[in-house]
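What the coordinates show
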Amino acid sequence: MRERITFVQKEGDSIEPTALKVDGNGLKGPEVKAVREDRLTFALDELPAELKALLEGVNQLHVRWVSPVAYEAVSPLLARLPPGFHLFYTPGSDASINPCPLLTKAFGLDSCSSPSDSFTTLPTDRFTHSTTHQFYQPLPSLKAFAHFARSLLCPPGSPSSCSSRLGSLTAASQLDLSYDTISHTLRLTSLWPYSPQSLSASLLSPTIRTEIGILSQTSPKTLEPHEIGISGLLTVLGQSTTPSPTLFSFPSRHRDSSSSFQAHFLPPTGLHPTLQLSISSPSPPAKSPTEETCRLHGYFTLPKTLFPDRHQLNDPLFLSSKNLTAVRYITPGIDLEAPEYVTSTWGSALLLELAPPHSSSGKEWTAEIPLHLRYLPPSLTGYQKAEVPYPALFWACTAEEGTKFPGNPFEKDRVGYDGLFGERTVFWHLNPSPADGKLVNTVKVPVLNLEKADWVGTVTGAVVVAGFAWVVIKLLGVVVMGGKKLGEDKKKKQ
């Protein structure tokens, strides 16, 4: 088992080595503003039997969780996803293996039953680096996972810091869990948002090799256009009492576009709500010279409470009126008629190319995404709430031929949308900036009111009976009038 703890400051920030105190048990220093990233790497033999058996039977398994609370990201930790629990999965040779029971126990899921029932399929004919299945569920907290992790990693007799550190997962903004089938290792990575951080790190266990870095972005003269430079201090607990300076660079596919956006539903929402994106600038990022083309995209993960209509989004004139260009991907097989309570799959993913206005003014502009609500279960109030996560917005820019993007120490892949682009694509992310600080929009949906259901049934029955009686009376009237007329005709003939 190995551990890496990294404090990432903004470009230009740094700290003097003399301000740090390092010993065999940990590191202490002053408070700084930084992002904190903790990464644990497990060998397969170090894992519990249940988890080991699952991983031995899969080809790819990648969990990505994002907090619904808005947070500030710092380069190079810029990759974004819609908030919630994401699973990107490729089964092994035994397709009957079901990851849902273990994931449900670990994260407190409530809608993951099996890959065949709950997962949707992803295209693998475009690029080989994509997984074959996807699952999503809104998940506001890592409370269940923090408890699960403590039970595995902090047995009786562990230092008190073990339990407290894993308990702090409830304040994390991101968590990743990835299994590497080549090295047979499982990586658990957690990230806390950019905020005042105490430069304090301690050992989870004396048997774990722990590396600590205090880093920030830098721009040396030798930096290639598609690279990010990093400088700072590194130390390994138990091996050194003095942090060592470091300077390195690497290619990065996730960058900051310096633009922002908000998302909200236009009133009135009704059963066909429109999600409006307000984007701070129509201008593409100040991209490097090695990137040829840039297109603005939005990646949406929509729970099964609502869905996009593929046919509606195939109309070029309609798309143009909404400042949209085209649908680049939509989950196949979406049932447009089924109620939410009979839909077993998690929902749908949507990749839209947006159409920024041609303007050099850089003014804020909007795009609108039409959506449709499913019929939801009845309630005692006559309303249900449907929560819709913020999308991930980014400029997808294609680097020139020959540009290589090998893995780097902070690379985040298998995030859903990266499997829909080529390996030379660079993603320049827009920062979500909701007014209320929440990366989730809520829609109030009218449903059957259970308290009034009996009254509705009684009135409906009475109306049906009254209508039937009215029809019978009218028919009898026709029969009686027909009989009288027939009698009169007979008398005339006589």
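Rules behind the numbers
Residues numbered from 1 in each chain as written. Predicted model: local features only at pLDDT ≥ 70, side-chain atom pairs only at ≥ 80, totals over all residues. Heavy atoms only, no water. UniProt positions renumbered as here; feature names shortened; annotations may be inferred. Disulfide = S-S within 2.5 Å. Helix = DSSP H or I, 4+ residues; strand = E, 2+ residues; numbered from the N terminus. Buried < 20%, exposed > 50% of the residue type's maximum accessible area, 1.4 Å probe, protein only. Contact = heavy atoms within 4.5 Å. 1 Å grid on protein atoms, 1.4 Å probe; cavity = no way out; pocket = protein on both sides within 12 Å on 5 of 7 lines; lining within 4 Å. Points joined across faces, edges and corners; volume = space filled by probe spheres on them. Nonpolar A, V, L, I, M, F, W, Y, C, P; charged D, E, K, R; others polar. Core = buried A, V, L, I, M, F, W, Y, C linked by side-chain atoms within 4.5 Å. Axes fitted to C-alpha atoms, helices over the stretch in contact; angles between N-to-C directions. Parallel < 35°, antiparallel > 145°, perpendicular 65-115°, else oblique. Left-handed = near helix turned anticlockwise from the far one by under 90°. Phe/Tyr/Trp six-rings, centres within 6.5 Å; stacked < 30°, edge-to-face > 60°. Polar contact = N/O pair within 3.5 Å; in protein donor to acceptor, adjacent residues only side chain to side chain. Pairing = 2+ DSSP bridges.

Per an unreviewed UniProt entry, the protein carries the name Protein PBN1 and comes from Podospora pseudoanserina. If you open the UniProt record of the protein and go to Function (unreviewed entry), you find "Required for proper folding and/or the stability of a subset of proteins in the endoplasmic reticulum. Component of glycosylphosphatidylinositol-mannosyltransferase 1 which transfers the first of the 4 mannoses in the GPI-anchor precursors during GPI-anchor biosynthesis. Probably acts by stabilizing the mannosyltransferase GPI14." Here is the UniProt Pathway (unreviewed entry) comment for the protein, exactly as written: "Glycolipid biosynthesis; glycosylphosphatidylinositol-anchor biosynthesis."

Concerning the state of the cysteines
In a disulfide, the sulfur atoms of two cysteines are held together by a covalent bond. A complete count under the given rule lists three disulfides for this structure. Across the disulfide, Cys 100 is cross-linked to Cys 112 (sulfur-sulfur distance 2.0 Å). Note on the Cys 100 and Cys 112 pair: the S-S dihedral is about -70°, so by sign convention the disulfide is left-handed. One end of the pair, Cys 100, is in helix 2 (residues 100-107); the other, Cys 112, is in the loop between helix 2 and helix 3 (115-118), with 12 residues separating them in the sequence. Neither Cys 100 nor Cys 112 differs from the other in exposure class; each is buried. The side chain of Cys 154 participates in a disulfide bridge whose partner is Cys 162; the two sulfur atoms lie 1.9 Å from each other. Disulfide Cys 154-Cys 162: torsion about the S-S bond near -85°, hence left-handed.

Some points on the environment of Leu 186
Among the structural elements, Leu 186 can be located in strand 9 (residues 185-202). Here Leu 186 falls in the buried class, since its relative accessible area comes to 3%. Distance from Leu 186 to Met 1, taken between C-alpha atoms, is 9.7 Å for residues 185 residues apart in sequence. If sequence neighbours within four positions are ignored, Leu 186 has contacts with Leu 40, Thr 41, Phe 42, Leu 47, Leu 51, Leu 55, Leu 177, Ser 178 and Tyr 179.

Some words on empty space enclosed by the protein
For the structure on display, the rule yields five cavities of 30 Å³ or more. Computed from the structure, the largest cavity encloses a volume of approximately 250 Å³. Breaking the lining of the largest cavity down by element, the ones donating at least two residues are strand 3 (26-43), strand 8 (174-180) and strand 9. Classifying every residue of the lining of the largest cavity gives eight nonpolar, seven polar and eight charged.

Looking at the environment of Leu 103
For Leu 103, the position within the fold is in helix 2. Using a relative accessible area of 6% as the deciding quantity, one classes Leu 103 as buried. Placed 42 residues apart in sequence, Leu 103 and Phe 145 show a C-alpha to C-alpha distance of 9.4 Å. When neighbours within four sequence positions are excluded, Leu 103 is seen to be in contact with Val 63, Phe 85, Leu 87, Gly 108 and Leu 109.

Describing the nonpolar core
If you look at the biggest cluster of nonpolar residues, it comprises 64 residues, and the most contacted ones within it are Leu 55, Phe 85, Leu 87, Phe 107, Phe 145 and Tyr 299. Beyond its immediate sequence surroundings of up to four residues, Phe 145 is in contact with Ala 106, Phe 107, Leu 169, Leu 175 and Leu 188. Phe 300, Leu 324, Ala 386 and Val 443 belong to the second largest nonpolar core, which has 39 residues in total.

Points about the packing of helix 4 (residues 143-153) against helix 5 (residues 160-167)
Where helix 4 meets helix 5, the axes come as close as 9 Å, and the angle between the chain directions of the two elements is 155°. Compared by their axis directions, helix 4 and helix 5 come out roughly antiparallel. When you trace helix 4 past helix 5, the crossing you get is right-handed. On the side of helix 4, the interface is formed by Ala 146, Ala 149, Arg 150 and Leu 153, while helix 5 contributes Cys 162, Ser 163, Leu 166 and Gly 167. Of the residues belonging to the contact of helix 4 with helix 5, the class tally is five nonpolar, two polar and one charged.

What about the layout of surface pockets?
By volume, the largest pocket amounts to about 1,000 Å³. As for the largest pocket, its lining consists of 41 residues, of which Arg 187, Gly 407, Asn 408, Glu 411 and Asp 413 are closest to the centre. Put simply, the parts of the chain that give the lining of the largest pocket at least two residues each are strand 1 (2-9), strand 3, strand 4 (58-66), strand 8 and strand 10 (209-218). Within the lining of the largest pocket, the residues separate by chemical class into 11 nonpolar, 13 polar and 17 charged. Roughly 690 Å³ of volume is contained in the second largest pocket.

Concerning the packing of aromatic side chains
This model, assessed by the stated rule, comprises 16 aromatic pairs. Ring plane angle 80° and centroid distance 5.9 Å describe the contact between Tyr 89 and Phe 119, whose orientation is recorded as edge-to-face. One end of the pair, Tyr 89, is in strand 5 (residues 84-91); the other, Phe 119, is in the loop between helix 3 and strand 6 (120-121), with 30 residues separating them in the sequence. Comparing Tyr 89 with Phe 119, the two get one shared label, buried. For the ring pair Phe 145 and Phe 148, a centre distance of 6.4 Å and an interplane angle of 35° mean the geometry is tilted. One end of the pair is Phe 145 and the other is Phe 148, both in helix 4 and three residues apart, which spans about a single turn. As far as the burial class goes, Phe 145 and Phe 148 line up, both buried. Every member of this aromatic cluster is reached through a ring pair, and the members are Phe 85, Tyr 89, Phe 107, Phe 119, Phe 135, Phe 145 and Phe 148.

Brief notes about the side chain of Thr 185
Examined against the element boundaries, Thr 185 turns out to sit in strand 9. There is a polar contact of 2.7 Å between the side chain of Thr 185 and the side chain of Ser 183. Sequence-distant contacts of Thr 185, defined by excluding residues within four places in its chain, comprise Thr 41, Phe 42, Ala 43, Ser 178, Tyr 179 and Asp 180.

Considerations on the pairing of strand 13 (residues 254-265)
Taken together, the five bridges between strand 13 and strand 23 (residues 425-432) define a ladder with parallel strand orientation. Looking across to strand 23, one finds that Ser 260 is bridged to Asn 431. Bridge analysis of strand 13 against strand 14 (residues 274-279) gives five bridges, and the strand direction is antiparallel. Within the sheet, the bridge partner assigned to Ala 263 lies in strand 14 and is Leu 277.

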